[in-house]
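Coordinates in review
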Amino acid sequence: MNLQVDDIDSQIIKILNSNGRTPNTEIANKLKLSETAIRKRIKKLLDDEVIQIVAVVNQEKMGYVFRGNICIKTDIKKIDNVKNELNKIDRIWYIALLTGAFDFDIEFSAKSQEELRMLIDRINKIEGVIKTDVSIRLQLLRNRNDWEK
């Protein structure tokens, strides 16, 4: 289902993307609309699952100094097993099914080299995993989560 987002909704999204805790009254003042209209629009955006308002954890501040991704090649006959096992691992916070040379791309965070070693070892022991290619993020250069219509 492709929902239509008008210019006002786009402006609301942009404001909330900058600060999800922006009061409805402040948004209303910026957009020269009533607080009630803003509240109803935000509720509709949330109800239609166009937006989510969430807290984003700064993993580095929480001690997770090793972050990166692992590309995984699998036995295609065991891809469901690999998917299910990856979903059980807490340190993995992003899993994507791919086309091409690898079947999965996952993103992880770890507090130590030992924790990272144990994560890689656990993934390599999953039945159906053929190969892993680990990359450690050295520097975050861009992290966009904004949206423009």
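Now for a quick tour of the structure. (Residues numbered from 1 in each chain as written. Predicted model: local features only at pLDDT ≥ 70, side-chain atom pairs only at ≥ 80, totals over all residues. Heavy atoms only, no water.)

Observations regarding the environment of Asn29
- With respect to the helices, strands and loops of the structure, Asn29 is situated in helix H2 (residues 24-31).
- On a C-alpha basis, the gap between Asn29 and Glu49 in space is 25 Å, while along the polypeptide they are 20 residues apart. (Helix = DSSP H or I, 4+ residues; strand = E, 2+ residues; numbered from the N terminus.)

Overview of helix H5 (residues 113-124)
- For H5, built from 12 residues, the straight-helix expectation of 16 Å at 1.5 Å per residue is met to within 8% by its first-to-last C-alpha distance of 16 Å.
- Along H5, the positions that sit buried rather than exposed are Leu116, Leu119 and Ile123. Within H5, the buried residues cover an arc of 60° as seen down the axis, which keeps them to one side.
- As for H5, its buried residues are in contact with strand S1 (66-74), helix H4 (79-86), strand S2 (92-97), strand S3 (104-110) and strand S4 (129-136). (Expected span 1.5 Å × (residues − 1). Buried < 20%, exposed > 50% of the residue type's maximum accessible area, 1.4 Å probe, protein only. Arc of directions from axis to C-beta. Contact = heavy atoms within 4.5 Å.)

Topic: the nonpolar core
- Residues Ile72, Leu86, Ile92, Ile106, Leu119 and Ile123 are the most contacted members of the largest nonpolar core, which totals 16 residues.
- It is S3 that provides the largest number of residues to this core, a total of 4 residues.
- If we skip the residues at most four places from it in the chain, Ile72 touches Leu86, Phe102, Asp103, Phe104, Ile106, Ile123, Val129, Lys131 and Thr132.
- Ile13, Ile27, Ala28 and Ile38 belong to the second-largest nonpolar core, a separate cluster that totals 12 residues. (Core = buried A, V, L, I, M, F, W, Y, C linked by side-chain atoms within 4.5 Å.)

As for the pattern of salt bridges
- The full count for this structure, using the stated rule, is 13 salt bridges.
- Of the charged contacts in the structure, one is a salt bridge between Asp103 and Lys73, with a shortest N-O distance of 3.9 Å. Residue Asp103 is found in the loop between S2 and S3, and its partner Lys73 is found in strand S1; the two are separated by 30 residues along the sequence.
- By relative accessible area, which is 7% here, Asp103 ends up buried.
- With its nearest N and O atoms 3.0 Å apart, the salt bridge here joins Glu85 to Lys88.
- Judged by its relative accessible area of 25%, Glu85 is partly exposed.
- Here the residues in one salt-bridge network are Asp6, Asp9 and Arg41, joined through shared partners. (Salt bridge = Lys/Arg side-chain N within 4 Å of Asp/Glu carboxyl O.)

A short note on H4
- All of the buried residues along H4 are Ile79, Val82 and Leu86. An end-on view of H4 places all buried positions within 60° of arc, on one side of the element.
- Tucked into the core, H4 has its buried residues touching S1, S2, S3, H5 and S4.

What about the packing of helix H1 (residues 7-18) against H2?
- Look at H1 against H2: their axes get within 11 Å of each other, and the N-to-C directions meet at 130°. One element, H1, and the other, H2, form an angle in the oblique class. In this structure, H1 meets H2 at a crossing whose hand is right-handed. Within the contact between the two elements, H1 uses Ile8, Gln11, Ile12, Ile15 and Leu16 and H2 uses Ile27, Lys30 and Leu31.
- Classifying every residue of the contact of H1 with H2 by side-chain character gives 6 nonpolar, 1 polar and 1 charged. (Axes fitted to C-alpha atoms, helices over the stretch in contact; angles between N-to-C directions. Parallel < 35°, antiparallel > 145°, perpendicular 65-115°, else oblique. Left-handed = near helix turned anticlockwise from the far one by under 90°. Nonpolar A, V, L, I, M, F, W, Y, C, P; charged D, E, K, R; others polar.)

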